Protein chains: 4
Amino acid sequence: MNGNTFGRLFQVTTFGESHGEAMGCTVSGCPAGLELSESDIQGDLDRRKPGQSMITTSRGEADAVSIKSGVQDGYTTGTPIGMVIKNKDARSGKYEPFITAPRPSHGDFTYSAKFGTRNWGGGGRSSARETVNWVAAGAIAKKILATQGIELKAHVNQIGSIEAPDVSFEEILEHSEENDVRCAHPETAAEMQELIEDYQEEGDSIGGSIYFEAQGVPTGLGAPRFDSLSARLGQAMMAVPATTAFEFGLGREAREWTGKDRNDDWEFDSEGTPTPIENDHGGIQGGISSGEPIYGEVTLHAPTSIPKSQQTADWETGELKEEKVIGRHDPVLPPRGVPVVEAMLALTLADFMLLSGRINPDRLDDQPGEYDTDYHPSNPENE
Amino acid sequence: MNGNTFGRLFQVTTFGESHGEAMGCTVSGCPAGLELSESDIQGDLDRRKPGQSMITTSRGEADAVSIKSGVQDGYTTGTPIGMVIKNKDARSGKYEPFITAPRPSHGDFTYSAKFGTRNWGGGGRSSARETVNWVAAGAIAKKILATQGIELKAHVNQIGSIEAPDVSFEEILEHSEENDVRCAHPETAAEMQELIEDYQEEGDSIGGSIYFEAQGVPTGLGAPRFDSLSARLGQAMMAVPATTAFEFGLGREAREWTGKDRNDDWEFDSEGTPTPIENDHGGIQGGISSGEPIYGEVTLHAPTSIPKSQQTADWETGELKEEKVIGRHDPVLPPRGVPVVEAMLALTLADFMLLSGRINPDRLDDQPGEYDTDYHPSNPENE
Amino acid sequence: MNGNTFGRLFQVTTFGESHGEAMGCTVSGCPAGLELSESDIQGDLDRRKPGQSMITTSRGEADAVSIKSGVQDGYTTGTPIGMVIKNKDARSGKYEPFITAPRPSHGDFTYSAKFGTRNWGGGGRSSARETVNWVAAGAIAKKILATQGIELKAHVNQIGSIEAPDVSFEEILEHSEENDVRCAHPETAAEMQELIEDYQEEGDSIGGSIYFEAQGVPTGLGAPRFDSLSARLGQAMMAVPATTAFEFGLGREAREWTGKDRNDDWEFDSEGTPTPIENDHGGIQGGISSGEPIYGEVTLHAPTSIPKSQQTADWETGELKEEKVIGRHDPVLPPRGVPVVEAMLALTLADFMLLSGRINPDRLDDQPGEYDTDYHPSNPENE
Amino acid sequence: MNGNTFGRLFQVTTFGESHGEAMGCTVSGCPAGLELSESDIQGDLDRRKPGQSMITTSRGEADAVSIKSGVQDGYTTGTPIGMVIKNKDARSGKYEPFITAPRPSHGDFTYSAKFGTRNWGGGGRSSARETVNWVAAGAIAKKILATQGIELKAHVNQIGSIEAPDVSFEEILEHSEENDVRCAHPETAAEMQELIEDYQEEGDSIGGSIYFEAQGVPTGLGAPRFDSLSARLGQAMMAVPATTAFEFGLGREAREWTGKDRNDDWEFDSEGTPTPIENDHGGIQGGISSGEPIYGEVTLHAPTSIPKSQQTADWETGELKEEKVIGRHDPVLPPRGVPVVEAMLALTLADFMLLSGRINPDRLDDQPGEYDTDYHPSNPENE
């Protein structure tokens, strides 16, 4: 309702501003019995964190997550998982010119318009720092999905006009984390890196896009019609800061295809179940998963905070002025956006797995906690 | 939760299958005091209805809406508005070959996978016939928005590879309903018409896209972060049947723009409020409306039901077979999709207007119903 | 959000006013495969309908339900079930004195205060006629629960100061429908009947209460903490028109019990599962079902519409006046409230059964529809 | 959905277990511009905290709240308020006998049944320690309500069979915090204290009840029908741990009243608005607030954890055993429950104030933060 909660059965609720004391989130609805520790989450946080390379902001944050509840003896208990991540390296001073004079195309004006005030340090609540919460929650969702045979991954497939060729899921798994750009095609990654550095040098920034894919998604996920899998993915991905386009399957290109060409004929799989011969439909038919890989793309516009002189209008003084945004900013978003997109994909799928009753608790983990016993009163065998 | 309800304060809940007895929806949360009759709704239903031109399905449906509740003496009462639209011209026979052998790229297999059964006549619940409910509810949302100074309109801007040049909002208002394609650029519309007829003739279908725009949207709509205006529009539009891409502002193209080029500098409007000089941001900044027009695009793939032979796999007999879909189907979706996209845009904006407390009840209507009096107990003047 | 929808996974959304054209509801989330026809619903509607005895309003309504969607070949399909019940015997004339002068203790003033207007005929949306929708939806919930081994029933246990002695669940099943009062203790029922007729004769009305019980509820239903089973039942029952108190287990009396007396010691059941020796806790511990019968009570105040002269204040004329409510009204509510309370209990339990993933689809029904086949793509055996 | 979130526009989401590292909650939807610091919240936490008197548990917790976000320069910003309260004095050892042998009438068995495991230290998530979160969030709600002219208070009106006479709202404000029992009638409080000490001495516990009242609630709050004010209060109050009954207005007693006696005639108030002469209806008519004080009662059963020998059934060993609960426990709940009931009342009313658009932002506070200016872009005067 208020934009701080995502999901229906697997729910994450977040708080925090860029320069506040801490970020935090509560994951509600995580099934009991999942082995979970902070180290399961830290890996994705490290992939998202600032200062990880020359093409990210130099803000220094360890982004160390602390789990406050919901885990006992190393296993989730089914009760809410509270997590807190402290903010350490906040320097608000450079934002003072923009308190009453909004940065171009940022949320400064609109947040002030909505609330009549705003936390202005580092962009406050509108900052992409918020996504540290999403990645923390998403790491738990990913772990659940992995136990159920669902694997997902994203990589950067375009920066400016440099587009990576199509790569397989295996190549994404293998190569996307090998370079700072997080592009699974090494040659293209090198070109992208160069392009980004050029823009960075001249005080500008550049847009790009992220390709995502999920494998092992069972058939039947998605609630027709307003909560179809495509609709919920649309919400999830369009919530990612700076996103201006979401596509799945053939995406935007589908407008140029005929029915005959796009339609995927049916054959039988090895077990005699109908299965589409191709996957032009992107793993979703009628808003429901078909069992084929789900894939799509998200476009992120160029970072708006750039150290170039731009015109703003100061509502306190009534004067126009030229200002540069001097803080520490990313010259491009997709490299750090990859774990964010993965997180939103994982949160969406985990939610639908729960809604569809498709989580197999026996696969969550078979190693009970120290004090657990074989007896589970809810186990049908015991009833 | 179940996909049959959209919106939070302005909510629509729907029922109905393509070949069932009736479609229907309940609009909950409509403010009291709006003048409303069936004729306010029928216009949009007629724009969506089948059989309206040579390039739509020939199924004959009057799509006459009947309001069952929520209106008294011609004005809404604030209580739910129940609406029913009867199905008349259903011919299920032609779907029998597909009961256990799914049509390619339709929802036949996935609905069966999700529910273990499905209503197969005409696609049942997966049919785009459902959107008759959305258009009915959307017409009410549009009327509310109009009283608040918000106007919105869509038109078809691409069919296959034929793309319309950019047109102004005024041109869309003026020309989009002049031709069967609903393209606001008459010359392009004629080309599109020809292309569609070509595909129709050879038993194939073709994709396309719809451009939408809303003017007069106040600043401050949108709940950061998961329920941002862009996220909720993403959900709304991706729920439209056959949609494979959603974009706003520069959309997919933003990936190729630099920050300097895309950023919109600020100036003052005539009343001294900061206002962006350009609108490359598409009316949404930080997930919240900026006061500029909101615009974007939706891509709809080609209709999947085509009278060409395609391979399917019969799960009852275990045999592959070639089948043509013989029913009455559209060769292209955007022309009838225009009122659907408008409806989803209107439903989203009306919901945010309510959530933001931005509906001015005095503007809803100043003509009281027969038995209303000047005295409203909730009127602060009377307290 | 707007008060017209109940439930989360098993959701019912309603519309309709007392003197409008029709009442209606949409049940969303009903599992596929339940055998269902209008006759399954009509029975409960007949128990609730007006004019069924001398101690109910004489308004004549057949309350015949028509299912518009969601059922195919006699079985639910998992898609929303739309239902419509026509209003036939509405006579609004007698309400004209109250258009601008509210009836005492009715919703006339508060609805007008909230909405600035109201549907005044027969109480409009505030009328208990709305509960016809609840009973229709509840009948479906009951049928689901029955397939899962859950049975529930209510009866009238107090009218005025006449209180029925405790009766067993079996007695409630056997006797509660044998008399017009719906009290399972025949002797007490006769006394109640007499008391009601006395009040009816003198133009007054009287309060009473309903006892409810559910047997066969599995352990583990209820989402701690705000959505505990007791909290959700509290909402469900307090929504019943005229309800002023909700209790479960020892209820109000628990304030006088010691911990030692109220605590229920544990023993083992025949299968070796811990089970409470007594059930002073009312089937709910820590907000979650314990496996014991769930029981409680609901108090309904006397009907407010009585043909006695009462003072009202006309906000149009600014004058006080004495008025009698002349319409056709019930002298007491619990006899017709019994199926309403059962419906709310059933809706709550069905929702929790779905939320807990405790619905066994194989038990819903094993007789497939005409066109169904043994092959269900979602069946694990087929995967 | 999962029981960890309460409210729709004013939402609180909680985490934490009795013996975990910390409790915490996120308040989402709090309007911007409310002056707020930790000291506004600490007062209510101190009223709830353990060890405050001889008749509460001796567990030692400072319950110091730390606000992590949502406040800038002493004023709320409209973004979520994250709060954390550390657990310090947890001693789990005494719970070891109950890991696989549930305490009578506690949530031990049902939590294990629901989740297949549970956090057993101090009752884990089922512990009333959770209500520290509710009180923290409720304190913010109270502060909002106070700015809008709404005041609310509760006191203990019955312990065992000792019942306090009716007291006025002013007396509750004046006297309820003067004694450890929190009963506004000093003589009765002394008797209650004695009774509690008697039970405490003999190792038993006793039930009781809390009366609550809210004054200054405007007309028109409550969403008919499932979300009526009475229904939502029912949910809110029945969620309070150990609650077995909720009543408003005449409550349970209404079953014995006639319509004529209970109905409240109308007169005009000094401004010419209809107003009920009496308030037997408890401030709610047709589920919507009438403008009269809202009052009611909540019954809390005796604490289940008592140092008396009770029988339990160990599901691991399969043996029955006698155990005493040795931890530090309250002999009675209402004295510490008073701020909890107030919190739930405040959360419910604040939510409805937001839903009804009845929060007047100008009354929230007129002292801007350090960097705020008179210019608020959303201010109609500036548009």
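Because the structure is predicted, anything quoted here is derived from the model rather than measured.

Trainee: Quick rundown of the overall build of chain A? Include the residues and the values.
Mentor: What chain A contains, in helices and strands, is nine helices and 18 strands. Relative to the 2.2 N^0.38 estimate, which gives 21 Å for 383 residues, the radius of gyration of chain A is 22 Å and therefore close to what a compact globule would have. With respect to the three principal axes, the spread of C-alpha positions in chain A is 70 × 55 × 35 Å. When each of the 383 residues of chain A is scored for burial, the buried share is 69%. A fraction of 71% describes how many contacts in chain A between residues 6 or more apart in sequence connect residues 24 or more apart. With the model as given, the accessible surface of chain A reaches about 11,700 Å², and the carbon-plus-sulfur share is 43%. For chain A, the distance from the average position of its 32 positive side-chain charges to the average position of its 62 negative side-chain charges is 9 Å.

Trainee: Tell me about the relation of the copies chain B and chain A, residues and numbers included.
Mentor: In the superposition of chain B on chain A (RMSD 0.0 Å, axial shift 0.0 Å), the rotation amounts to 180°. In the structure described here, the two chain copies are related by an operation that fits a two-fold rotation axis.

Trainee: Account for the pairing of strand β16 (residues 294-300) of chain A, naming residues and giving values.
Mentor: Residues and elements named next belong to chain A. Burial runs high along β16: seven of the seven residues are buried. Neither face of β16 is exposed, since I294, G296, V298 and L300 on one face and Y295, E297 and T299 on the opposite face are all buried. Taken together, the seven bridges between strand β10 (residues 208-215) and β16 define a ladder with antiparallel strand orientation. Directly across from E213, in β16, lies its bridge partner Y295.

Trainee: Would you mind going over the environment of G296(D) in detail, with residue names and values included?
Mentor: Residue and element names in this part refer to chain D. In this structure, G296 sits in strand β16 (residues 294-300). In sequence terms G296 and R8 are 288 residues apart; their C-alpha atoms lie 23 Å from each other. When sequence neighbours within four positions are dropped, the list of residues in contact with G296 reads I210, Y211, F212, E247, F248 and G249.

Trainee: Before we move on, can you summarise the interface of chain B and chain A with the specific residues and values?
Mentor: With 108 residues of chain B in contact, the opposing surface of chain A contributes 108 residues. Of the roughly 8,400 Å² buried between chain B and chain A on both sides combined, carbon and sulfur atoms contribute 58%. Broken down residue by residue, the surface that chain B buries against chain A is led by R225(B), F226(B) and R255(B), which jointly contribute 13%. One can count 69 residue pairs in polar contact (both at pLDDT 80 or more) joining chain B with chain A. In terms of residue class, the side of chain B that touches chain A is built from 40 nonpolar, 46 polar and 22 charged. Bridge analysis of strand β11 (residues 243-248) of chain A against strand β11 (residues 243-248) of chain B gives three bridges, and the strand direction is antiparallel. Bridged to F246(A) within β11(B) is F246(B).

Trainee: Talk me through the pattern of salt bridges; I want residue IDs and the actual numbers.
Mentor: Applying the stated criterion to the full structure yields 101 salt bridges over all chains. Note that E323(A) and K321(A) form a salt bridge whose closest N and O atoms lie 4.0 Å from each other. Residue class for E323(A) comes out partly exposed when judged on its relative accessible area of 21%. With a shortest N-O distance of 3.8 Å, K49(C) and D46(C) are connected by a salt bridge. Classification of D46(C) by relative accessible area gives partly exposed; the value is 32%. Linked through salt bridges whose partners overlap, the residues forming this network are D44(A), R47(A), K142(A), K153(A), E177(A), R182(A) and E342(A).

Trainee: How would you summarise the UniProt feature "binding site: FMN" (unreviewed entry) in chain A if you had to cite specific residues and measurements?
Mentor: This chain's UniProt record puts "binding site: FMN" (unreviewed entry) on R125(A), S126(A), S127(A), G286(A), H301(A), A302(A), P303(A), T304(A), S305(A) and R328(A). These annotated residues cover 204 residues of sequence, and their C-alpha atoms reach 44.3 Å apart at the extreme, placing them across more than a single site. The topology assignment puts R125(A) in the loop between α2 (108-115) and α3 (131-147). The exposure class assigned to R125(A) is buried, which follows from its relative accessible area of 2%. The residues contacting R125(A), other than those within four sequence positions of it, are N4(A), T14(A), F15(A), G16(A), E17(A), Y111(A), N119(A), E130(A), R225(B), T79(D) and P80(D). Reaching out from R125(A), the side chain makes a polar contact with the side chain of T14(A) at a distance of 2.8 Å. Relative to the assigned elements, P303(A) resides in the loop between β16 and β17 (310-314). Its relative accessible area of 8% is what places P303(A) among the buried residues. Apart from the residues within four sequence positions on either side, P303(A) is in contact with S205(A), I206(A), D330(A), P331(A), V332(A), L333(A) and G259(B).

Trainee: Run through the UniProt feature "binding site: NADP(+)" (unreviewed entry) in chain A, naming residues and quoting values.
Mentor: All names here are of chain A. The UniProt record annotates "binding site: NADP(+)" (unreviewed entry) at R48. Residue position: R48 is located in helix α1 (residues 38-48). What makes R48 buried here is its relative accessible area of 3%. Excluding anything up to four places from it in sequence, R48 contacts D63, A128, R129, T131, V132, V135, R336, P339 and V340.

Trainee: Quick one: what's the story with helix α6 (residues 229-238) of chain C, residue by residue and with numbers?
Mentor: Burial of α6(C) is extensive: 10 of the 10 residues sit out of reach of the surface. All of the buried residues along α6(C) are L229(C), S230(C), A231(C), R232(C), L233(C), G234(C), Q235(C), A236(C), M237(C) and M238(C).

Trainee: Pulling in residues and values, what's your account of the packing of α3(A) against helix α8 (residues 334-355) of chain A?
Mentor: Helix-helix packing: each pair is described by the crossing angle between the helix axes and the interaxial distance. Residues and elements named next belong to chain A. With their axes 7 Å apart at the nearest point, α3 and α8 run at an angle of 50° to one another. Viewed along their axes, α3 and α8 adopt a mutual orientation that is oblique. In the crossing of α3 with α8, the sense of the turn from one axis to the other is left-handed. Mapping the contact onto sequence places T131, W134, V135, A137, G138, A141, K142 and L145 in α3 and P339, V340, E342, A343, M344, A346, L347, L349, A350 and M353 in α8. Taken together, the residues of the contact of α3 with α8 sort by class into 14 nonpolar, two polar and two charged.

Trainee: Go over helix α3 (residues 131-147) of chain D with me, naming the residues and quoting the values.
Mentor: Residue and element names in this part refer to chain D. An ideal rise of 1.5 Å per residue puts 24 Å on 17 residues; α3 measures up with 24 Å between its terminal C-alpha atoms. Burial analysis of α3 places 15 of its 17 residues in the buried class, the great majority of the element. Positioned one or two residues after α3, G149 has a phi angle of 90°, which is positive.

Trainee: Give a detailed account of the sheet that holds strand β1 (residues 5-6) of chain A, specifying residues and quantitative values.
Mentor: With antiparallel pairing, five strands are arranged side by side in an open sheet as β1-β2-β3-β7-β4 (chain A). Across the chains shown, the open sheet's two edge strands, defined by having one partner strand only, are β1 and β4 (65-67) of chain A.

Trainee: Requested: an account of the packing of aromatic side chains, with residues and values cited.
Mentor: What the rule picks out here adds up to 24 aromatic pairs over all chains. With 5.4 Å between their ring centres and 45° between their planes, F6(C) and F226(D) make a pair best called tilted. Taken together, the residues span two chains, with F6(C) in strand β1 (residues 5-6) and F226(D) in the loop between β10 (208-215) and α6 (229-238). The same class applies to F6(C) as to F226(D), namely buried. Ring geometry for F212(D) versus F246(D): centroids 6.2 Å apart, planes at 5°, classification stacked. Within this pair, whereas F212(D) is found in strand β10, its partner F246(D) is found in strand β11 (residues 243-248), the two being separated by 34 residues in sequence.

Trainee: Summarise a negative patch on the surface; cite the residues concerned and give the values.
Mentor: On the surface, a cluster of negative charge is contributed by D180(A), E187(A), E191(A), E194(A), E197(A), D198(A), E201(A) and E202(A). Along the chain, E197(A) turns up in helix α5 (residues 186-201).

Trainee: Describe the packing of helix α6 (residues 229-238) of chain A against α8(A), naming the residues involved and giving the relevant values.
Mentor: Residues and elements named next belong to chain A. Running from N to C, α6 and α8 point in directions that differ by 145°, and their axes come no closer than 9 Å. Note that α6 runs across α8; the crossing there is right-handed. Residues L229, R232, L233, A236 and M237 of α6 form the contact with α8, whose own contacting residues are V341, M344, L345, T348, L349 and F352.

Trainee: Let's hear about the side chain of E61(D): which residues, and what values?
Mentor: Residue and element names in this part refer to chain D. Take E61: it is sitting in the loop between α1 (38-48) and β4 (65-67). Looking at E61, the relative accessible area reads 5%, which means it is buried. Among the polar contacts made by the side chain of E61, one reaches the main-chain amide nitrogen of K88 at a distance of 2.9 Å. If near-sequence neighbours (up to four positions away) are discounted, E61 is found in contact with K49, P50, K86, N87, K88, D89, A90 and R129.

Trainee: Pulling in residues and values, what's your account of the sheet that holds β1(C)?
Mentor: All names here are of chain C. Here five strands make up an open sheet; going across it, the order is β1-β2-β3-β7-β4 and the pairing antiparallel. Because the sheet does not close on itself, it has two edges, and the strands there are β1 and β4 (65-67). Two strands pair when backbone bridges link them, and β1 and strand β2 (residues 11-15) are joined in this way by two bridges, in the antiparallel orientation. Bridged to F6 within β2 is V12. Helix-sheet contacts for helix α1 (residues 38-48) involve β4 and β7 (81-86), and the interaxial angle to β4 is about 155°.

Here is what the cut-offs are and how they apply
- Residues numbered from 1 in each chain as written.
- Chains lettered and ligands numbered in written order.
- Predicted model: local features only at pLDDT ≥ 70, side-chain atom pairs only at ≥ 80, totals over all residues.
- Heavy atoms only, no water.
- Helix = DSSP H or I, 4+ residues; strand = E, 2+ residues; numbered from the N terminus.
- Rg over C-alpha atoms; globule rule 2.2 N^0.38 Å.
- Buried < 20%, exposed > 50% of the residue type's maximum accessible area, 1.4 Å probe, protein only.
- Contact = heavy atoms within 4.5 Å.
- Areas by Shrake-Rupley, 256 points an atom, 1.4 Å probe, with all protein chains shown as cover.
- Lys, Arg positive; Asp, Glu negative; His and termini not counted.
- Charge placed at Lys NZ, Arg CZ, Asp CG, Glu CD.
- Least-squares fit on C-alpha atoms with pLDDT ≥ 70 in both.
- Pairing = 2+ DSSP bridges.
- Buried area = accessible area lost by both parts, 1.4 Å probe.
- Polar contact = N/O pair within 3.5 Å; in protein donor to acceptor, adjacent residues only side chain to side chain.
- Nonpolar A, V, L, I, M, F, W, Y, C, P; charged D, E, K, R; others polar.
- Salt bridge = Lys/Arg side-chain N within 4 Å of Asp/Glu carboxyl O.
- UniProt positions renumbered as here; feature names shortened; annotations may be inferred.
- Axes fitted to C-alpha atoms, helices over the stretch in contact; angles between N-to-C directions.
- Parallel < 35°, antiparallel > 145°, perpendicular 65-115°, else oblique.
- Left-handed = near helix turned anticlockwise from the far one by under 90°.
- Expected span 1.5 Å × (residues − 1).
- Phe/Tyr/Trp six-rings, centres within 6.5 Å; stacked < 30°, edge-to-face > 60°.
- Patch = residues over 30% accessible without salt bridge, like charges linked within 9 Å, V, L, I, M, F, W, Y side chains within 5 Å.

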